[in-house]
Amino acid sequence: MADIAFLLLIFFLVTTTMDVDSGINRKLPPWEPEQLQDPPPIKKKNIFTVLVNSNDQLLVEEQLMDIEDLREATKRFLNNNGDGSCDYCVGGLQSPTSSDNPGKAIVSLQNDRGTSYDIYIAVQNELAAAYNELRNELAQRQYGRDYENLSDDQMDEVQDAYPQKISEAEPVSLGG
Amino acid sequence: MSKFKKKTGGGTPAISTASLPDIVFMLLFFFMVTTVMREVTLKVENKKPKATEIKKLERKSLVTYIYAGAPKKAYQSQMGTEPRVQLNDAFARVKEIQNYVITEREAINEAERPLMTVSIKADKKVKMGLITDIKQELRKANTLKINYSTTKGEVYNN
């Protein structure tokens, strides 16, 4: 009896893999063969452009940036509150050249075909982190709890306050 | 003569092994429950990038995997060193992804099809060109929920 148990035990010991699958969730836009003729007009100041070239360098709003600073820059952009309509944006700079309010703010990401997957994930992660941190701060202020621990209704509310709008352009050869 | 005779010392008594099967069974059940069988043999390098904002993938039955990376040493003589796509147990061309994903979707029962997720397990050295091609194929196949497989860790020291 114990022999059989040992045998099974050793079998499961050898075959076991402890890693759980986890990663960054994203939704792709549906495939449309024809491009829309007239894309809806979006003010340039509401778009936060992030370009990554084939040397894995970042160009954020036409300025070279390190990946370490991307999270803060994104948060500053989202929380800018340019038209003053966002009453929960604490510390908004109200800069006229940055976003009107978080509802209108769009992050646009474009990379080169030669960009490494590693840096792409890092950028995606930092952008997601910026949204998550803002949501967390709002959740803490309004409900005194982390975003993760809110009820579904509250979660939706916080999500609507900072909707995650990350648009990915098809890669081009930016050179580098 | 005395009634209380000193016991003759025969060394230390043996430890009882009566509880050994219990312990073995306990371990056995633990590993039986936690074990996850590897379904495919990896033929490509697969060092995942790190990220912090990650979500766990739930409902394993609704997840389809696509591997990408440079072929492992043993296959380099046939396949070269350029990153390739692996579906199930074989190397595949990017064009085959569409059919593969559609076949996988057919296998899921109808009510749960919209919940199907494709997990892209790419090596961190892969270039975005290949990843983009994969994404375009997934868009054509109308499977829009994807997950970039990563491990937990800070991104700065990648």
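Definitions and limits used
Residues numbered from 1 in each chain as written. Chains lettered and ligands numbered in written order. Predicted model: local features only at pLDDT ≥ 70, side-chain atom pairs only at ≥ 80, totals over all residues. Core = buried A, V, L, I, M, F, W, Y, C linked by C-beta atoms within 7 Å. Buried ≥ 20, exposed ≤ 12 C-beta atoms within 10 Å, placed from the backbone. Contact = placed C-beta atoms within 7 Å. Helix = DSSP H or I, 4+ residues; strand = E, 2+ residues; numbered from the N terminus. Nonpolar A, V, L, I, M, F, W, Y, C, P; charged D, E, K, R; others polar. Pairing = 2+ DSSP bridges. Expected span 1.5 Å × (residues − 1). pLDDT = per-residue confidence, 0-100. Axes fitted to C-alpha atoms, helices over the stretch in contact; angles between N-to-C directions. Parallel < 35°, antiparallel > 145°, perpendicular 65-115°, else oblique. Left-handed = near helix turned anticlockwise from the far one by under 90°.

**Quick look at the nonpolar core**
Counting residues in hydrophobic clusters, the biggest one holds 47 residues, and the most contacted among them are Val123 of chain A together with Ile66, Ala68, Ile120, Ile131 and Ile134 of chain B. If near-sequence neighbours (up to four positions away) are discounted, Ala68 of chain B is found in contact with Val44, Pro83, Val85, Ile120, Ala122, Asp123, Val126, Leu130, Ile131 and Ile134 of chain B.

**Comments concerning the interface of chain A and chain B**
At the interface, 42 residues of chain A touch 46 residues of chain B. Looking at the side of chain A that touches chain B, the elements that each hand over two or more residues are α1 (2-15), β1 (22-27), α2 (67-78) and α3 (117-143) of chain A. Taken together, the residues of the side of chain A that touches chain B sort by class into 22 nonpolar, twelve polar and eight charged. Note that β1 of chain A and strand β7 (residues 145-149) of chain B share five bridges and pair antiparallel. When the sheet's bridge partners are listed, Arg26 of chain A is paired in β7 of chain B with Ile146 of chain B.

**Considerations on the sheet that holds strand β3 (residues 63-69) of chain B**
Taking strand neighbours across the sheet as the criterion, the seven strands line up as β2(B)-β1(A)-β7(B)-β6(B)-β3(B)-β4(B)-β5(B) in an open arrangement whose pairing is mixed. Either end of the sheet is taken by a strand with one partner, and the two such strands are β2 (55-56) and β5 (90-92) of chain B.

**Side note on the environment of Gln57 of chain A**
Position of Gln57 of chain A relative to the elements: it lies in the loop between β2 (47-52) and β3 (58-60). By the C-beta count within 10 Å, which is 17 here, Gln57 of chain A ends up partly exposed.

**As for unusual backbone geometry**
Residue Glu62 of chain A is not a glycine yet carries a positive backbone phi of 65°. Relative to the assigned elements, Glu62 of chain A resides in the loop between β3 and β4 (63-65). By C-beta crowding, Glu62 of chain A is classed as exposed, having 7 other C-beta atoms within 10 Å. In the Ramachandran plot, Asn142 of chain B falls in the positive-phi region, its phi being about 60° despite a non-glycine side chain. Structurally, Asn142 of chain B is set in the loop between α4 (128-140) and β7. Residue Asn142 of chain B is classed as partly exposed on the basis of its C-beta count, with 13 C-beta atoms lying within 10 Å.

**Quick look at α1 of chain A**
With 14 residues, α1 of chain A should cover 20 Å at 1.5 Å per step; its first-to-last C-alpha distance of 20 Å lies within 8% of that length. Counting buried positions along α1 of chain A gives one out of 14 residues, so the element sits mostly on the surface.

**Points about the confidence of the model for chain A**
When pLDDT is averaged along chain A, the result is 82; 91% of the residues meet or exceed 70. No element of chain A has a lower mean pLDDT than α1 of chain A, at 80, and none a higher one than α3 of chain A, at 88.

**Topic: α4 of chain B**
Residues and elements named next belong to chain B. End to end, α4 covers 18 Å across 13 residues, agreeing with the expected 18 Å (1.5 Å per residue, within 8%). Looking at α4, one finds that the buried residues are Met128, Ile131, Ile134, Lys135, Glu137 and Leu138. After α4 finishes, the residue Asn142 shows a positive phi value of roughly 60°.

**Section: the sheet that holds β4 of chain A**
Residue and element names in this part refer to chain A. The strand order across the open sheet built from five strands is β4-β3-β2-β5-β6, with neighbouring strands paired in mixed fashion. Pairing within the sheet leaves two strands with one partner each, and these edge strands are β4 and β6 (166-168). Each strand of the sheet is rotated relative to its neighbour by a mean of 30°, with strand direction disregarded. As defined by bridge partners, β3 adjoins β4 across three bridges and the pair is classed as antiparallel. Across the sheet, Leu59 pairs through a bridge with Leu64, a residue of β4. Where α2 meets the sheet, its contacts fall on β2, β3, β4 and β5 (106-111), and the angle it forms with β3 comes to roughly 20°.

**Digging into the pairing of β1 of chain A**
As judged from the two bridges shared by β1 of chain A and β2 of chain B, these two strands associate in the antiparallel manner. Bridge pairing in β2 of chain B links Gly23 of chain A to Lys55 of chain B.

**Overview of the packing of α2 of chain A against α3 of chain A**
Packed helices, taken two at a time, are described by their axes: the angle between them and the distance between them. All names here are of chain A. Contact pair α2 / α3: the axes reach a minimum separation of 9 Å and the direction vectors enclose 40°. By the angle class used here, α2 and α3 are oblique. Where α2 crosses over α3, the two elements pack in a sense that is right-handed. From α2, Ile67, Leu70, Arg71, Thr74, Lys75 and Leu78 reach across to α3, where they touch Ala122, Val123, Glu126, Leu127, Ala129, Ala130, Glu133 and Leu134. When the residues that make up the contact of α2 with α3 are grouped by side-chain class, the tally is nine nonpolar, one polar and four charged.

**Focus on the pairing of β7 of chain B**
Regular strands have side chains that alternate between both faces of the sheet. All names here are of chain B. Taken across its five residues, β7 has four buried, putting it largely inside the fold. Note: strand β6 (residues 117-122) against β7, three bridges, orientation parallel. Opposite Val118, over in β7, you have Ile146 as the bridge partner.

**Thoughts on the environment of Asn46 of chain B**
All names here are of chain B. Along the chain, Asn46 falls in the loop between α1 (20-34) and β1 (50-51). Taking the C-alpha atoms as reference points, Asn46 and Tyr67, 21 residues apart in sequence, are found 7.8 Å from one another. Beyond its immediate stretch of four places on either side in the chain, Asn46 contacts Tyr67, Gly69, Lys121 and Asp123.

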